[in-house]
Amino acid sequence: MTDTHCPSCGSCGFPMESEDDFAGGNRDAASCSTCADSNGHLKPFDTVVALNADYFVRHQGIDLSAAVELARTLLQSMPAWAGKQSTLQ
């Protein structure tokens, strides 16, 4: 039986399907290439909030302030960011 499980980023929940989706192209990475650097280390929280908010604006047409709040709330619910606070407004 083939494993059809698609891992998701522990930072933002993004499904990681192709090698390019994983931080550093490493299929063992816990985070995606948006949330972590090429060594698999998470980028700063506010940077990841901004990157995810930008995605919501570009791909879902959400207003920037609402996108920032959505990204902040989403990330704070993920294991990688439990208890982290954002300074972005």
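In what follows, the structure referred to is the one given above.
Residues numbered from 1 in each chain as written. Predicted model: local features only at pLDDT ≥ 70, side-chain atom pairs only at ≥ 80, totals over all residues. Heavy atoms only, no water.

### Let's talk about helix H1 (residues 45–60)
Working step 1: When the terminal C-alpha atoms of H1 are compared, their 22 Å separation across 16 residues agrees well with the 22 Å that a helix rising 1.5 Å per residue should span.
Working step 2: Within H1, burial applies to Phe45, Val48, Val49, Asn52, Ala53 and Phe56. Around the axis of H1, the buried residues are gathered within 135° of arc, so they sit on the same side.
Working step 3: Contact partners of the buried residues in H1: helix H2 (64–76).
Working step 4: Where H1 terminates, the next one or two residues include Gly61, which has phi positive at roughly 65°. (Helix = DSSP H or I, 4+ residues; strand = E, 2+ residues; numbered from the N terminus. Expected span 1.5 Å × (residues − 1). Buried < 20%, exposed > 50% of the residue type's maximum accessible area, 1.4 Å probe, protein only. Arc of directions from axis to C-beta. Contact = heavy atoms within 4.5 Å.)

### Some words on H2
Working step 1: A rise of 1.5 Å per residue sets the reference length of H2, with its 13 residues, at 18 Å; its end C-alpha atoms lie 18 Å apart and thus fit the reference within 8%.
Working step 2: Taken together, the buried positions of H2 are occupied by Ala67, Val68, Ala71, Arg72 and Leu75. Viewed end-on, H2 has its buried residues packed into an arc of 135°, placing them on one side of the element.
Working step 3: Its buried side turned inward, H2 meets H1.

### A look at the nonpolar core
Working step 1: Counting 19 residues, the largest nonpolar core has Cys9, Cys12, Cys32, Cys35, Val49 and Leu75 as its most contacted members.
Working step 2: Counting only elements with at least two residues in this core, the list comes to H1 and H2.
Working step 3: No other element matches H1, which puts 5 residues into this core.
Working step 4: With residues near it in sequence (within four places) discarded, Cys9 still touches Phe14, Met16, Ala30, Ser31, Cys32, Cys35 and Met78. (Core = buried A, V, L, I, M, F, W, Y, C linked by side-chain atoms within 4.5 Å.)

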